[in-house]
Amino acid sequence: DAKTTQPPSMDCAEGRAANLPCNHSTISGNEYVYWYRQIHSQGPQYIIHGLKNNETNEMASLIITEDRKSSTLILPHATLRDTAVYYCILGGGANNLFFGTGTRLTVIP
Amino acid sequence: GAVVSQHPSWVICKSGTSVKIECRSLDFQATTMFWYRQFPKQSLMLMATSNEGSKATYEQGVEKDKFLINHASLTLSTLTVTSAHPEDSSFYICSARDYRAPSYNSPLHFGNGTRLTVT
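Let me begin by describing the structure that accompanies this report. Not measured: the values here are computed from a predicted model.

**Regarding the sheet that holds strand 8 (residues 76-81) of chain B**
Residue and element names in this part refer to chain B. One open sheet holds the four strands; their spatial order is 1-3-8-7, and the pairing between them is antiparallel. At either margin of the open sheet sits one strand with a lone partner, and together these are strand 1 (4-7) and strand 7 (67-73). Strand-to-strand twist of the sheet, defined as the mean angle between neighbouring strand axes without regard to direction, takes the value 15°. As judged from the four bridges shared by strand 1 and strand 3 (residues 19-25), these two strands associate in the antiparallel manner. Counterpart to S5 in the pairing with strand 3 is R24.

Pasting the structure below:
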């Protein structure tokens, strides 16, 4: 299980973009970067994933650096309901996903 | 989207009793499901991998005789906590992936968890 590093916590003002960084310097060539979030007392919710190209969906954007050693999840207009723990996980090859400690994002009114 | 349903969402039981938790994939089939456990203020820890029609694979330190897993169909896996004790109180979460999707490039879908409290 490859390792990712995330800041333990971040704050973001409501309505502003939330940019959550993740370092994964030991990522291997076939590993995808996955982002999940967990709102208190719920199961993790899938957000987005990518290999090397930037990705966007209705929830967020994922920016992966050219060397793939880091990535940033962008929530373009954070709302109070986006307050959660965000996990950056490497997946590929192995069937399951190993969760690190994540970033606790607090959206402030 | 793919939905994984867990039941019950919470349960309180007395020490020494057994508790069964169900995990169902509602709109897809899964040959493999995963069971996680999460203690307060901690991250998810993988307990075991449930394989349809065969024995589960347990992570190191997880007692297979205490946490019985059955995956009898492509849409249902169950976790039974046998002879539960207060230290088994935790948040148990299952996940699954559509068996037709490649594992390296498709997300896992998670249930909403079961909060077990053993008194």
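Having seen the structure, we can now continue with the description.
**Focus on the side chain of T4(A)**
Residues and elements named next belong to chain A. Here T4 is to be found in the segment before strand 1 (9-13). Overall, T4 belongs to the buried group, its relative accessible area being 16%. Polar contacts involving the side chain of T4 include one to the main-chain carbonyl oxygen of C88, which spans 3.0 Å. When sequence neighbours within four positions are dropped, the list of residues in contact with T4 reads C22, N23, H24, C88, I89 and L90.

**Topic: the state of the cysteines**
Taken as a whole, this structure holds two disulfides over all chains when the rule is applied. Between the sulfur atoms of C22(A) and its disulfide partner C88(A) the distance amounts to 2.1 Å. For the disulfide bridge between C22(A) and C88(A), the dihedral angle about the S-S bond is near -80°, and by the sign convention the bridge is left-handed. One end of the pair, C22(A), is in strand 2 (residues 18-23); the other, C88(A), is in strand 8 (residues 84-91), and 66 residues separate them in sequence. By relative accessible area, C22(A) is classed as buried at 1%. A relative accessible area of 1% places C88(A) in the buried class. Disulfide pairing places C23(B) opposite C94(B) at an S-S distance of 2.0 Å. Taking the torsion about the S-S bond as the criterion, the C23(B) to C94(B) disulfide, at about 85°, is right-handed. Of the two residues, C23(B) sits in strand 3 while C94(B) sits in strand 9 (residues 90-96), which places them 71 residues apart along the sequence. Classification of C94(B) by relative accessible area gives buried; the value is 0%. Looking at C12(A), it has no disulfide partner, and the nearest cysteine sulfur is the one in C22(A), 18 Å off. By relative accessible area, which is 7% here, C12(A) ends up buried.

**Looking at the pattern of salt bridges**
Residues and elements named next belong to chain A. Here the structure, examined in full by the defined rule, presents four salt bridges over all chains. Between D82 and R37 there is a salt bridge, and its shortest N-O distance comes to 2.8 Å. Here the residue D82 occupies a position in the loop between strand 7 (70-75) and strand 8, and R37 occupies one in strand 3 (residues 32-38), the gap between them amounting to 45 residues. For D82, a relative accessible area of 11% corresponds to the buried category.

Cut-offs used in this document
- Residues numbered from 1 in each chain as written.
- Chains lettered and ligands numbered in written order.
- Predicted model: local features only at pLDDT ≥ 70, side-chain atom pairs only at ≥ 80, totals over all residues.
- Heavy atoms only, no water.
- Pairing = 2+ DSSP bridges.
- Helix = DSSP H or I, 4+ residues; strand = E, 2+ residues; numbered from the N terminus.
- Axes fitted to C-alpha atoms, helices over the stretch in contact; angles between N-to-C directions.
- Buried < 20%, exposed > 50% of the residue type's maximum accessible area, 1.4 Å probe, protein only.
- Polar contact = N/O pair within 3.5 Å; in protein donor to acceptor, adjacent residues only side chain to side chain.
- Contact = heavy atoms within 4.5 Å.
- Disulfide = S-S within 2.5 Å.
- Salt bridge = Lys/Arg side-chain N within 4 Å of Asp/Glu carboxyl O.

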